[in-house]
Amino acid sequence: MQRNYSYYKKMFEGTSKPFGFVDLDLLDENIGRIMARAGTKNIRIATKSVRSALLLKRILRKSPLFCGLMCFSPQEAVYLVKQGLDDIVMGYPVWEPAALSGLAELIRQGKSITLMVDSIRHIEHIERIAELHGVRFPVCLDMDMSMDVPGLHFGVWRSPIRTVADAKPVVDKILSSGGVTMDGVMGYEAQIAGVGDHYPGMAAKNALVRKLKQRSAKQIAGKRADLVAMIEDALGAPLRFVNGGGTGSLHTTTTEHAVTEVTVGSGFFSPGLFDNYKNFRYQPAAGYAVEIVRQPEAHLFTCLGGGYVASGAAGKDKLPKPYLPEGAALMSLEGAGEVQTPVLYKGDERLALGDPIFFRHAKAGELCERFNHLYGVSEGKIIEQISTYRGDGQCFL
């Protein structure tokens, strides 16, 4: 589906800026592509990349392949259960006793909430809360999938469990516990899913990253298969789920026999960082617009606000991207600012004060932290306002 500046400018004529939007036609196209790439694997939605209960429900309705959610905050999980959602895996360990107590109450009510663990200390802490509330917490064991090569830790620092031998005492503790039950296994291959390998003008680095990814994917498949075999042998039954992957690693994670489900989040919106991958391309389904309020030079247009910079290691790739009109670019010495963002543009569109410049955030769900709602658009029209977590009065991290 082709989108250009005049398409969105006409659609949003008279709309107060700044605003965020989601193109529902492109979102649906991305959902279809993700389902096709997932094949026979179930898909768990990473909520941090969506941050709207209404959009999460929309995606879940599309297919039985969408099996549940991976949340980033226990308070978020409680909120989503109140919105009628279930089958939630916590993507990160929860330690705060009050938060664990809130999740225990949901489990008492029959909700499916699975905690993430990677140490005996996690288990012992959870057991104390479980005893207080008379419940058993389902848990998922998180195994680190990073790869170490001389001079480089290729991946992110997550779980201390790096081998099956590391996992064995934690698994034994879980299986002997009266407060937890073994529910699943997770391994997030961040060095494949979250690292671009197709940056313009960086051929040598791209080639190196692809080579490292290929080597890492083989290592990951073996580690995950061995871990699952060890646990299921000790358990005497299959795990409920074996989770892996992310948007950027579907092409490798889905080939693993041991994996039963993949986690996907960023692919639904396809933010700016995901333009830099060789093996896939999704449609830019979400963005925001800011208003031109100054024109200091013939080809320089200064917008009000727009400095929505993404989290992670600081770098130019974390800046939002001027999206439309095509050819617009940030100024290297100013970037995207808190109260003003100058944009250089020498294209064919005749821009004037009051016109919008459309941007794409570098990451997906962080866009929703800036707006109470996203305008849902389809077939050239605004058809609804879609509330975000922020618009629902929620702030989790």
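Whatever comes next refers back to the structure up there.
Just so it is clear, the structure is predicted and the values come from calculations on it, not from any experiment. (Residues numbered from 1 in each chain as written. Predicted model: local features only at pLDDT ≥ 70, side-chain atom pairs only at ≥ 80, totals over all residues. Heavy atoms only, no water.)

**Q** Sorry if this is basic, but what is going on with helix H4 (residues 74–82) here?
**A** Every α-helix carries 3.6 residues per turn, so stepping three or four residues along brings you back to the same face. Considered for burial, the residues of H4 that qualify are Pro 74, Glu 76, Ala 77, Tyr 79, Leu 80 and Val 81. Residues of H4 that are buried sit in contact with helix H3 (53–60), strand S3 (66–71), strand S4 (88–90), helix H5 (97–108) and strand S5 (113–117). (Buried < 20%, exposed > 50% of the residue type's maximum accessible area, 1.4 Å probe, protein only. Helix = DSSP H or I, 4+ residues; strand = E, 2+ residues; numbered from the N terminus. Contact = heavy atoms within 4.5 Å.)

**Q** Where do I start with the packing of H5 against helix H6 (residues 120–133) in this structure?
**A** When two helices pack together, their arrangement is given by the angle between the helix axes and by the axis-to-axis distance. Interhelical geometry of H5 versus H6 gives an angle of 50 degrees and a closest axis separation of 10 Å. Relative to H6, the element H5 is oriented oblique. In the crossing of H5 with H6, the sense of the turn from one axis to the other is right-handed. Residues Pro 97, Leu 100, Ser 101, Ala 104 and Arg 108 of H5 lie in contact with H6, whose contacting residues are His 125, Ile 129 and His 133. Of the residues in the contact of H5 with H6, the class split is 4 nonpolar, 3 polar and 1 charged. (Axes fitted to C-alpha atoms, helices over the stretch in contact; angles between N-to-C directions. Parallel < 35°, antiparallel > 145°, perpendicular 65-115°, else oblique. Left-handed = near helix turned anticlockwise from the far one by under 90°. Nonpolar A, V, L, I, M, F, W, Y, C, P; charged D, E, K, R; others polar.)

**Q** Can you help me understand empty space enclosed by the protein in this one?
**A** Where empty space is left becomes clear once a probe the size of a water molecule has been rolled over the atoms. Within this structure, the stated rule accounts for 1 cavity of 30 Å³ or more. The space that makes up the largest cavity amounts to roughly 50 Å³. In terms of lining, the largest cavity is formed by Phe 269, Ser 270, Pro 271, Ala 286, Gly 287, Arg 360, His 361, Lys 363, Ala 364 and Leu 367. The class makeup of the residues in the lining of the largest cavity is 5 nonpolar, 3 polar and 2 charged. (1 Å grid on protein atoms, 1.4 Å probe; cavity = no way out; pocket = protein on both sides within 12 Å on 5 of 7 lines; lining within 4 Å. Points joined across faces, edges and corners; volume = space filled by probe spheres on them.)

**Q** I tried to follow the sheet that holds strand S2 (residues 42–46) on my own but got confused; where do I start?
**A** Spatially, 8 strands are ordered S2-S3-S4-S5-S6-S9-S10-S11 in a closed barrel, and the strand pairing comes out parallel. Averaged over neighbouring strand pairs, the angle between their axes works out to 30 degrees when direction is ignored. With 4 bridges connecting them, strand S9 (residues 180–187) and strand S10 (residues 241–244) associate as parallel partners. The residue bridging Met 186 from the neighbouring strand is Asn 243, located in S10. Packed onto the sheet, helix H2 (residues 24–38) meets S2, S3 and strand S11 (261–264) and runs at close to 135 degrees relative to S2. Seen against the sheet, H3 touches S2 and S3 and runs at an angle of roughly 150 degrees to S3. (Pairing = 2+ DSSP bridges.)

**Q** Could you clarify how one ought to interpret the pattern of salt bridges in this entry?
**A** It is possible for side chains of opposite charge to pair when their charged atoms get near one another. The final tally for this structure, using the stated rule, is 20 salt bridges. A salt bridge links Asp 28 to Arg 58, with the nearest nitrogen and oxygen atoms 3.0 Å apart. Linking Asp 28 in helix H2 with Arg 58 in helix H3, this pair joins segments that are 30 residues apart in sequence. Overall, Asp 28 belongs to the partly exposed group, its relative accessible area being 26%. For Arg 58, a relative accessible area of 19% corresponds to the buried category. (Salt bridge = Lys/Arg side-chain N within 4 Å of Asp/Glu carboxyl O.)

**Q** How do you make sense of unusual backbone geometry when you look at a structure like this?
**A** Leave glycine aside and you will find that most residues have negative phi; peptide bonds, for their part, are mostly trans. Between Lys 17 and the following residue, Pro 18, the backbone shows a cis peptide bond with an omega angle of 5 degrees. In this structure, Pro 325 follows Leu 324 across a cis peptide bond, with omega equal to 5 degrees. Locating Pro 325 in the fold gives a position in the loop between strand S14 (321–324) and strand S15 (329–330). In this structure, Arg 51 takes a positive phi of about 55 degrees despite not being glycine. Looking at the secondary structure, you find Arg 51 in the loop between S2 and H3. Taking relative accessible area as the criterion, Arg 51 reaches 12% and is therefore assigned buried. Of note in the backbone geometry, Asp 87 takes a positive phi value of approximately 55 degrees without being a glycine. Here Asp 87 lies in the loop between H4 and S4. A relative accessible area of 16% means that Asp 87 is categorised as buried.

Read these as spatial facts, not as claims about activity.
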